[in-house]
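# Observations on the three-dimensional arrangement
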Amino acid sequence: MFEKAQPLLQSYFGYSSFRKGQEQAIRSVLTGRNTICVMPTGGGKSICYQIPALILPGTTIVISPLISLMKDQVDTLVQAGIPAAYINSSLSFNVANDRMQAAKLGSYKLLYIAPERLESQEFLEDLKQMEIPMVAVDEAHCISQWGHDFRPSYRQIQRMIQMLPQTPSVLALTATATPRVREDICSLLDIDESNTIITGFERENLSFSVIKGQDRIKFLLDYLKKNERESGIIYAATRKNVDQLYERLKKEKINAARYHAGMNDEERSREQERFLTDQASVMVATSAFGMGIDKSNIRYCIHLQLPKNMESYYQEAGRAGRDGLKSECIVLYSPQDVQIQRFLIDQSSDRSRMTKELEKLQQMVDYCHTESCLQEFILKYFGETETNPCGRCGNCTDSRTTMDVTKEAQMVMSCVIRMGQRFGKTLTAQVLTGSKNKKVTELGFNRLSTYGIMKDRGAKDVSDFIEFLISQELIGIEQGTYPTLFVSSKGKDIILGKTQVFRRETVKVEQVAKSDP
Ligand code: ADP
Ligand code: ZN
């Protein structure tokens, strides 16, 4: 059936080829599989059900909560010569009734309906008399309480599908990529999670990077001086951080605005306005800033501290470069931030969510330690499968040479095993570097064969190396009262010498300077 898709795309819509994901989605629904398609706004979701609707016999039902968009969509289809109609609360009873009569006669290829219609038993009875090969659920996140726009009437969709005489295939569409919402959509609409198509989240004009082991304020001030004509956002973790940085920037004569929830409404909107109108070039803010902000010329977005998870990071960083011009997204990473975030999660979340939140935090830490493409890391996190290195990010453009660190990795992992896989990163690093710490001796770890085998390196250095091994999934973290390390099966292969580990050489400026006569 798919052979018909391409000519239809050309003749009705005037496009010569499908975009990434569209073809996959169309193939999937045409073979009768329930499917979820996650694409960003503007990604081209409509084609994914409009083309199958033209190919399949009968009338495809499109459920959409956006009454104002429904009319536009239908008008466009009708203009293109595709018989379509919509039924929602904007119509008089008579008009709605006429359309439903026409629908029962099979007059439309697509019928758009508002979800509230499904509350009416009479309407459902009418649907039963139609031939419905497919149901497209637009803005499918509305079905989930975890989404940002829950609509109870979306819960009627399952009931409707179940009562149709011929089971239609379901295509759910959304731009919300969080795993939790996706899981909900799949379970509520009976979609096998493997039929998930996610694509188009790459932002080709953004270059991501992570800066580690540098004085953050110094880095920031240098960066701002170099980019003083540009507009940018600096996200800081707390109100206090925002205020401190704001004062500091003022002292440096940098034209900054600030924004956080501790300020009153008037102050906040004044500061926001200064930034939006380019009177202030830099916005220093907590994550309270940015919802609904549409400023296109933001050239950089810097996170002064580690964000709490990838979802919020990508959302915040994504505010840069809306105009399509090259922009930078930087995280200034420091290991202490992990402790702070962990503490915050400990304080706020309920127990059941805590493990999940800690895992998400760990993925954010992994992002900061990966040596492969950062954009690819993000896309994979959101579930995209066909990805390639971006060629723009800090890792893709890193010209340092790679070193074989298999031996060091073996040392660390055998130490973790000898310690019984019950301890965290700090203690492991202490044992490896031969620390005389009381806890080390009390536990008898000074008698292990791995005690002090890395004593020529600093504990911080070894700790970074352990983070690197975690990012490579060789060492895993068990989230308990406090996080403990264990060696993964991939890590065991390294210990057995089955595979090797490579790492980019870290340039140690200080050491070079020291050995200089
Ligand atoms: P979404 O619903 O995902 O926000 P739309 O379906 O409204 O996106 O499509 C966004 C824009 O992309 C529309 O202008 C649409 O005509 C265009 N578009 C969709 N598919 C293609 C394609 N294969 N080739 C070119 N343009 C396309
Ligand atoms: Zn890259």
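Going by what an unreviewed UniProt entry lists, the protein is known as DNA helicase RecQ and is assigned to Neobacillus mesonae. We quote the UniProt Sequence similarities (unreviewed entry) comment for the protein here in full: "Belongs to the helicase family. RecQ subfamily." Recorded in UniProt for the protein, the comment headed Catalytic activity (unreviewed entry) runs: "Couples ATP hydrolysis with the unwinding of duplex DNA by translocating in the 3'-5' direction."

### Overview of the environment of E202
Within the secondary structure, E202 sits in the loop between strand 7 (196–198) and strand 8 (206–212). Along the backbone, E202 and E376 are 174 residues apart, and their C-alpha atoms lie at a distance of 8.3 Å. Every residue in contact with E202, bar those within four places of it in the chain, is listed here: Q375 and L379.

### Here we look at helix 16 (residues 406–418)
With 13 residues, helix 16 extends 18 Å from end C-alpha to end C-alpha; this agrees with the ideal 18 Å at 1.5 Å per step. Along helix 16, the residues that are buried comprise E408, A409, V412, M413, C415 and V416. Taken end-on, helix 16 shows its buried residues confined to a sector of 155°, consistent with a single buried face. Looking at the packing, one finds that the buried side of helix 16 touches helix 17 (425–432), helix 19 (459–471), strand 15 (475–478), strand 16 (484–487) and helix 20 (489–495). Of the residues one or two after helix 16, G420 is the one with positive phi, at around 85°.

### Observations concerning helix 4 (residues 67–79)
Helix length check: helix 4, at 13 residues, gives a terminal C-alpha distance of 19 Å against a target of 18 Å (1.5 Å per residue), a fit within 8%. Among the residues trailing helix 4, G81 stands out with phi positive, at a value near 90°.

### Observations regarding the sheet that holds strand 2 (residues 60–63)
One key point about sheets: their strands pair by backbone hydrogen bonds, in either a parallel or an antiparallel sense. Read across the open sheet, the seven strands follow the order 3-4-2-5-6-1-7; overall the sheet is parallel. Each edge of the open sheet carries a strand with a single partner, namely strand 3 (84–87) and strand 7. Neighbour-to-neighbour, the strand axes of the sheet open up by a mean angle of 15°, direction not taken into account. In this structure, strand 3 lies alongside strand 4 (residues 110–113), joined through four bridges in parallel fashion. Paired with I87 across the two strands is I113, which belongs to strand 4. Along the sheet, helix 2 (residues 22–30) makes contact with strand 1 (35–38), strand 5 (134–137), strand 6 (169–174) and strand 7, crossing strand 1 at roughly 165°. Its contacts with the sheet put helix 8 (residues 179–188) on strand 1, strand 6 and strand 7, and the angle it makes with strand 1 is roughly 155°.

Conventions we followed
- Residues numbered from 1 in each chain as written.
- Chains lettered and ligands numbered in written order.
- Predicted model: local features only at pLDDT ≥ 70, side-chain atom pairs only at ≥ 80, totals over all residues.
- UniProt positions renumbered as here; feature names shortened; annotations may be inferred.
- Helix = DSSP H or I, 4+ residues; strand = E, 2+ residues; numbered from the N terminus.
- Contact = placed C-beta atoms within 7 Å.
- Expected span 1.5 Å × (residues − 1).
- Buried ≥ 20, exposed ≤ 12 C-beta atoms within 10 Å, placed from the backbone.
- Arc of directions from axis to C-beta.
- Pairing = 2+ DSSP bridges.
- Axes fitted to C-alpha atoms, helices over the stretch in contact; angles between N-to-C directions.

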